[in-house]
Amino acid sequence: MDIPRIFNITESAHRIHNPITPEKLATLGAALRLEVGSRVLDLGSGSGEMLCTWARDHGVVGTGIDLSQLFTEHARRRAAELGVADQVSFIHGDAAGHVSDQKVDVAACLGATWIGGGVAGTIELLARSLRPGGIILVGEPYWRQLPPTEEFAKGCLAGSIADFLMLPKLLASFGRLGYDVVEMVLADQDGWDRYEAAKWLTMRRWLEANPGDELEEEVRAQLSSEPERYAAYTREYLGWGVFALMPRAG
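Numbers given to residues run from 1 along each chain, matching the order in which its sequence is written. Side-chain atom pairs in this predicted model are given and counted only at pLDDT of 80 or more, local residue features only at pLDDT of at least 70, and totals for whole chains, interfaces and linings cover all residues. The side-chain figures draw on all heavy atoms in the structure; neither hydrogens nor water molecules are used.

(A) Main features of the overall build of the protein chain. Only DSSP runs of H or I with at least four residues qualify as helices, and only runs of E with at least two residues qualify as strands; both kinds are numbered from the N terminus onward. Each helix and strand counted, the protein chain has nine helices and seven strands in total. The reference for a compact globule is 2.2 Å times residues^0.38; the radius of gyration itself is calculated from the C-alpha atoms. Over its C-alpha atoms the protein chain spans a radius of gyration of 18 Å, differing by no more than 12% from the 18 Å that the globule rule assigns to 250 residues. Referenced to the eigenvectors of the C-alpha coordinate spread, the extents of the protein chain come out at roughly 55 × 45 × 30 Å. A simple rule labels every residue: compare its accessible area, found with a 1.4 Å probe on the protein chains alone, to the largest value its type can have, and call it buried under 20%, exposed over 50%, or partly exposed in between. Here the protein chain, with 250 residues, has 51% of them falling under the buried criterion. By element, 52% of the accessible surface of the protein chain is carried by carbon and sulfur atoms, the whole surface being about 11,800 Å². Only the protein chains shown count as covering a residue, and every accessible area follows the Shrake-Rupley method with a 1.4 Å probe.

Next comes the structure, spelled out in structure tokens:
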């Protein structure tokens, strides 16, 4: 059980597997007004940076679940490094369908809404672990500007323009699902640079260290094409944000 190996290669040096910087992640934690002992569930927790830093900075406790064995190992090491291994735990497993045994104050899925078959399904899944008055966090792309053609959307690695919404419509969609948007922290182009460009040095170092590997050709092709594709499409057209939601009463 694992994610495709190419992602373990290209993001092996990442602490955050989304286009959000450590500073923005800290801003999000402060914005949620987290209290000591708040319980957090993170589905698709990656290398655990959110849980670990919030445990250090705000005293939260919680659990992260991720399909990547490598990233889960990184998360456990990060917890030990920050001295919070007694507050947070990380499980290597499939987060799809996971419901916490104990209700949580914050239920999060940042950038992995495929686990619930999309945004609506993921929110429904997270809600099953949430205590009354708790907060759901969803990390999701949106269009910064609408791509002029379907080819531009594909250049952003979307299937089509219809895959994502403009920000106002994305926010409105949460209301239609019965949730108030109570906070948001949006990535900027610097955050995208740090997420995407960091892969390029990782790929180059991997190629130097793994000549003849079965993925050598694929990694070489990505390294050759990704900088130009990213600068032409994703950096200009695609946004990303974390949206804090609370169920509406009644």
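(B) Fine view of the state of the cysteines. To count as a disulfide, a pair of cysteine sulfur atoms needs to be within 2.5 Å. Counted according to the given criterion, the structure contains zero disulfides. Cys109 takes part in no disulfide bond, and the closest cysteine sulfur to it belongs to Cys52, at a distance of 17 Å. A relative accessible area of 0% means that Cys109 is categorised as buried.

(C) Up close: unusual backbone geometry. In this model, Arg33 sits at a positive phi of 55°, which is unusual for a non-glycine residue. One can find Arg33 in the loop between helix H2 (22-31) and strand E1 (39-43). In this structure, Leu157 is a non-glycine residue whose phi angle is positive, near 65°. Summarising the element assignment, Leu157 is placed in the loop between helix H6 (150-155) and helix H7 (167-176).

(D) Broad picture of the sheet that holds strand E6 (residues 179-186). Pairing in this open sheet of seven strands is mixed, and the strands run E3-E2-E1-E4-E5-E7-E6 from one edge to the other. Single-partner strands in this sheet number two, and they are strand E3 (88-92) and E6. Across the sheet, the mean angle separating the axes of adjacent strands is 20° when strand polarity is ignored. Two strands pair under a simple rule: DSSP has to find at least two bridges between them. Pairing geometry for E6 and strand E7 (residues 238-247), over seven bridges, is antiparallel. Residue pairing in the sheet places Val185 in a bridge with Val242 of E7. An axis is simply a line fitted to the C-alpha atoms; with a helix, the fit covers only the stretch in contact. Between two such axes, the angle follows the N-to-C directions and lies from 0 to 180 degrees.

(E) Broad picture of the nonpolar core. Counting 40 residues, the largest nonpolar core has Leu32, Trp54, Val88, Leu137 and Trp143 as its most contacted members. The element best represented in this core is helix H3 (residues 49-58), accounting for five residues. In contact with Val88, other than residues within four places in its own chain, are Leu51, Cys52, Ala55, Gly62 and Ala79. Residue types Ala, Val, Leu, Ile, Met, Phe, Trp, Tyr and Cys, when buried and joined through side-chain atoms within 4.5 Å, form a set referred to as a nonpolar core. With 23 residues, the next largest nonpolar core counts Ile65, Val104, Leu170 and Leu245 among its residues. Between two residues, a contact is recorded if the distance between any of their heavy atoms is within 4.5 Å.

(F) Up close: the packing of H2 against H3. Viewed as axis vectors pointing N to C, H2 and H3 meet at an angle of 55°, and their least axial separation amounts to 10 Å. Here H2 lies oblique to H3, going by the angle between them. Where H2 crosses over H3, the two elements pack in a sense that is right-handed. Where H2 approaches H3, its residues Leu25, Leu28, Gly29 and Ala30 are matched on the opposing element by Glu49, Met50, Thr53, Trp54 and His58. Of the residues that constitute the contact of H2 with H3, the class distribution is five nonpolar, three polar and one charged. By definition in this entry, angles of less than 35 degrees are roughly parallel, angles greater than 145 are roughly antiparallel, angles of 65 to 115 are roughly perpendicular, and the rest are oblique. Crossing handedness is read from the near helix: turned anticlockwise from the far helix by less than a right angle, it gives a left-handed crossing, and turned clockwise, a right-handed one. For this classification, Asp, Glu, Lys and Arg are treated as charged, while Ala, Val, Leu, Ile, Met, Phe, Trp, Tyr, Cys and Pro are nonpolar and the rest, including Gly, are polar.

(G) Geometry of the packing of aromatic side chains. Here is the rule: rings of Phe, Tyr and Trp (six-membered ring for Trp) pair when centre to centre is within 6.5 Å. Planes less than 30 degrees apart are stacked, more than 60 are edge-to-face, and the remainder are tilted. Following the criterion strictly, the structure yields six aromatic pairs and no others. Both rings, one in Trp200 and one in Tyr230, keep their centres 6.2 Å apart while their planes meet at 65°; by these two values the pair is edge-to-face. Of this pair, Trp200 sits in helix H8 (residues 189-209) while Tyr230 is found in helix H9 (residues 216-237), placing the two residues 30 residues apart along the sequence. Residue classification places Tyr230 among the buried positions, given a relative accessible area of 3%.

(H) Spotlight on the pairing of E1. Extensive coverage of E1 is indicated by the burial of four of its five residues. As judged from the five bridges shared by E1 and strand E2 (residues 61-66), these two strands associate in the parallel manner. Its bridge partner being in E2, Arg39 is matched across the sheet by Val61. When the strands point away from the viewer, a crossover counts as right-handed if the path from the first strand over the helix to the second runs clockwise. Following the chain from E1 across H3 to the adjacent parallel E2, one finds a crossover that is right-handed.

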